[in-house]
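# Notes for the structure review
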Amino acid sequence: MLQYTLKRFLLSLPALWLLVTLVFLLSRLLTGVPGEEQILQDSGGFYSKSSTGSREQAYLSYLERTGQNLPLFYFSVQASPEPDTLHLVYPAHHRTFLKQLYWQYGNPEAVNAYYQSIKELELAPSAAQYEGLQLYIDRLYQATEPASIKQTLAALPVRIPAPLVSELKAKAAGLTQKQQAYAYLLPSLRWHGTQNQYHTWFVNVLQGDLGTSFRDNRPVSSILYEAVANTWWLILISILVAFIVSFELGMLLVMPQSIKLRKLLLPALFIIDSIPLFLLALLLLILLATPSFLQLFPVFGLGYHRMSGGSWVEQLTVVSQYMALPAICLILGNIPYLTNLIYRSFSEESKKEYARTARAKGFSERQVIRKQLLRNTLLPTITVVSDALPALVAGAVVVETIFAIPGVGRLLVDAVLARDYPIIVAVVLVVAAFRVVLYLLADVCYSIADPRIKHAAS
Amino acid sequence: MIQLLNDIRQLSQQKSAFKIAILYLLLLLVFILVLPILPMAYGPNELDLQYTFAGPFTSGTDGLHWLGTDALGRDVLSNTLYGARSALLISVQVMLFATGLGLLLGMSAGYLGNNGLKISRAALPVTLLALFVFFYYGVYVPYSLAKTALPLKYTWFSLLLLLFLLLFLYRLLLPLLKKWHVAAVTSSLPLDYIVLRLTEAFTSIPRLLLILALASFMQPSVLLLSVIFAATFWPSSARLARAEMLKIKQLPYFEAAQSLGVTPLHLLTKHAMPNMLGPIIVTFTFGVADLLALESTLSFLGIGVPGTFVSWGRTIAGIRTNTSAWWLVVFPGAALATTVWALQTVSFHLLNYFEERKQL
């Protein structure tokens, strides 16, 4: 059995690795440099007068701190004229400008020389004296066609020191002279070794370090820990209650005398099942927690503001008030499916021989169901629970957002809205790992509930 | 196909819920198709800023707001109707695509198994090379060029080169390599294993979480969202198609067709596909219902969907700023729940029907 479990664990690892790697790589590949706006805000706001140089410095140090200055993967494939250090250029519109030049002229050295000479002109000590020079420089940063570059250069004001202008013109001429027009069609494969983002991230994850959040620089693991603590209770209570209620309902429905109840309850459950969870939560919110109808429950958060001090009993009573409505939503959302399944499995079991024997022996229907059938129907529900728990995390996303509970779901939604990728990747990793662990637990539970499986496996 | 229509007719005579659901869906379909030519006082994105959060039956600037307005004065009636249109259009298209992809992968995995697909030692590196060429010239270069302002001719060059290189690889290089007998040795590709691991990877976390994560990496757009939906919805139909294929493969009629020398393509499309049509349709309708709920959940959360996209979820989200505006939840919510209910009822009864027929 142990061997079988271990084998299944090892078999589930490739899929886990594939998923997390995919999410990590996509998060970095598709987004450019995340958090750029934020650095600008840290260094005094987008419209502040702080010099370009200091902002560039802030940008580079930010990249270095978050490890984003490194290449993404062990190797990279790019068009040969485009250097792999383009993402270090600041600000963003220079990056697009440079990229266009690289692709158009195909000669990185000539392009870099031209770019440097524009920067020299911009930073020249005498340049600050000329008002309106910045306008020309901005136009230079936009001109990419040979004709428009020439035009912009010709329009430069005369008062600029001649050597600078002539150098600029020479470099611009160099662009067209040294042009390698279709160099972009040639791919270049670059090998980066282990000094890359993926490798460092992966090694850190294996050591239990999930990185730091882009938003507030706190370690992801501690943010996640706080969130998981809240969500964990919500999910656990919901699944337990939903399970017990569904079992009771299932046993009630399978009784022969409850035909009427069956005709009423099964369609009702079907209708509840077709209401999406967020709608269900909103309906409950409107009905039970707004002043205009019934205000039975507090609406938002977990009531931390009311929890200054107090024993854990007091804290529990406060928290449970706030947890009640979200938990009810999750329970209601899961009952239809669970009840239906349990009812079906009960009604199948009740047709079997041993149930008939028990009835013939004189057990009441209630005793047959509770004593004879229960254990056998428990078996298939183990799988359902191990499937339902991760699905509850998805439900928690919706419910926590609506009721403002600081849990994993809300953390994920906030991270998605703020594009905080380390947190997103970490949540995906944790939930996927949670599922693997649950599957293993389900295997173990199976072998306890039905010893025959143990022999079948080995 | 005709058999299926007969089945539906027979079912609707027996089950009244099924009949109602089918009628509702047909009505909705007709309504969606004629919606753009219907005379409506307000468009779904038209702002009536003087009448924000107006209750039902308030008269606005251009006419009566039958079902009220939201925070920006958008008409709830036209948002509900157009919301049905956009939700169903996106769901059906995505499900068609995802089912197609799932069928392709699942059926080939089931049919070929781990030993069915033999490829020569020469074909593997050539195919890898071709894939690389495709992604470089067909995806990366056009994508990068689209972000710069370079003329279209650059893209054409790249695509032309792609065509030329592919022709070179498969018409010239591969036949040449195969003459060398070491390279012509074939070994089997474990297709079944690969497809199974892929479906596992895509289903190892709840769909909503995966979609949220993927949607955060890109600018909100309906097209990208559809791609993400399709990428997360194919595994269910792939699993089903694989399981059905494994069953059908052992049926006598299929083996007879095989031994007659029917080509694999013909076998799959003419002999296997019709036999699994029922279960596929059931997963299709279940998938559409799932997608409807998912799409409105995402619009409600405001993730991955542009703000101009008309959706039930967007209208419902208005309740978060004004909890007393019940009409924002009730009308679009009722439409959403009814549609999901109708789709689920149809699939549920079809599923039961197919299962019963199989047992006969």
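Labelled according to an unreviewed UniProt entry, chain B appears under the name ABC transporter permease, originating from Pontibacter cellulosilyticus. Among the UniProt annotations of chain B, the heading Sequence similarities (unreviewed entry) holds the following wording: "Belongs to the binding-protein-dependent transport system permease family." Recorded in UniProt under Subcellular location (unreviewed entry), the annotation for chain B is "Cell membrane".

The name recorded for chain A in an unreviewed UniProt entry is ABC transporter permease, from Pontibacter cellulosilyticus. What the UniProt record of chain A gives under Subcellular location (unreviewed entry) is the line "Cell membrane". Its UniProt record, at the heading Sequence similarities (unreviewed entry), says of chain A: "Belongs to the binding-protein-dependent transport system permease family."

### A closer look at unusual backbone geometry
Excluding glycine, residues mostly have negative phi values, and the peptide bonds linking residues are mostly trans. In this structure, Ala-404 of chain A takes a positive phi of about 55° despite not being glycine. Within the fold, Ala-404 of chain A resides in the loop between helix H15 (365–403) and helix H16 (408–418).

### Brief notes about the environment of Phe-254 of chain B
Residue and element names in this part refer to chain B. Take Phe-254: it is sitting in helix H10 (residues 252–259). By relative accessible area, Phe-254 is classed as buried at 0%. Measuring from C-alpha to C-alpha, the distance between Phe-254 and Ser-12 comes to 32 Å, with 242 residues separating the pair along the chain. Not counting residues up to four positions away in its chain, the partners in contact with Phe-254 are Tyr-111, Met-245, Ile-248, Lys-249, Leu-267, His-271 and Ala-272.

### Some words on helix H12 (residues 277–288) of chain A
Here H12 of chain A contains twelve residues, and its C-alpha end-to-end distance of 16 Å stays within 8% of the 16 Å for a straight helix at 1.5 Å per residue. With respect to burial, H12 of chain A is a largely interior element, ten of its twelve residues being buried. Those residues of H12 of chain A not exposed but buried are Leu-277, Phe-278, Leu-279, Leu-280, Ala-281, Leu-282, Leu-284, Leu-285, Ile-286 and Leu-288 of chain A. Residues of H12 of chain A that are buried make contact with helix H13 (312–349) and H15 of chain A together with helix H12 (277–301), helix H13 (312–317) and helix H14 (327–359) of chain B.

### Describing the UniProt feature "transmembrane region" (unreviewed entry) in chain B
Residue and element names in this part refer to chain B. Mapped onto this numbering, the UniProt entry annotates "transmembrane region" (unreviewed entry) at residues 21–42, 87–112, 124–143, 155–173, 208–234, 280–305 and 325–351. Between the end C-alpha atoms of residues 124–143 there is a gap of 27 Å, over a span that is 100% helix and 0% strand. Secondary structure over residues 208–234 splits into 81% helix and 0% strand, and the C-alpha atoms at its two ends are 14 Å apart.

### Overview of the UniProt feature "transmembrane region" (unreviewed entry) in chain A
Mapped onto this numbering, the UniProt entry annotates "transmembrane region" (unreviewed entry) at residues 232–254, 266–289, 322–343, 378–403 and 423–442 of chain A. As annotated, residues 322–343 of chain A has a helix share of 100% and a strand share of 0%, and its two end C-alpha atoms lie 32 Å apart.

### Considering the packing of aromatic side chains
A full pass over the atoms with the stated rule returns 35 aromatic pairs over all chains. Their ring planes at 55° and their centres at 5.2 Å tell us that Phe-73 of chain A and Tyr-198 of chain A sit as a pair that is tilted. Taken as a pair, Phe-73 of chain A in the loop between helix H3 (52–66) and strand S1 (75–79) and Tyr-198 of chain A in helix H9 (residues 197–206) lie far apart in primary sequence, 125 residues in all. Exposure remark for Tyr-198 of chain A: the relative accessible area of 4% places this residue in the buried category. One aromatic cluster in this structure is built from Trp-103, Tyr-182 and Tyr-184 of chain A together with Phe-132, Tyr-136, Tyr-137, Tyr-140, Tyr-154 and Phe-157 of chain B. Geometry around Phe-233 of chain B places Arg-207 of chain B over its ring, the cationic atom sitting 3.8 Å from the centre.

About the criteria used
- Residues numbered from 1 in each chain as written.
- Chains lettered and ligands numbered in written order.
- Predicted model: local features only at pLDDT ≥ 70, side-chain atom pairs only at ≥ 80, totals over all residues.
- Heavy atoms only, no water.
- UniProt positions renumbered as here; feature names shortened; annotations may be inferred.
- Helix = DSSP H or I, 4+ residues; strand = E, 2+ residues; numbered from the N terminus.
- Buried < 20%, exposed > 50% of the residue type's maximum accessible area, 1.4 Å probe, protein only.
- Contact = heavy atoms within 4.5 Å.
- Expected span 1.5 Å × (residues − 1).
- Phe/Tyr/Trp six-rings, centres within 6.5 Å; stacked < 30°, edge-to-face > 60°.
- Lys NZ or Arg CZ within 6 Å of the ring centre and 35° of its normal.

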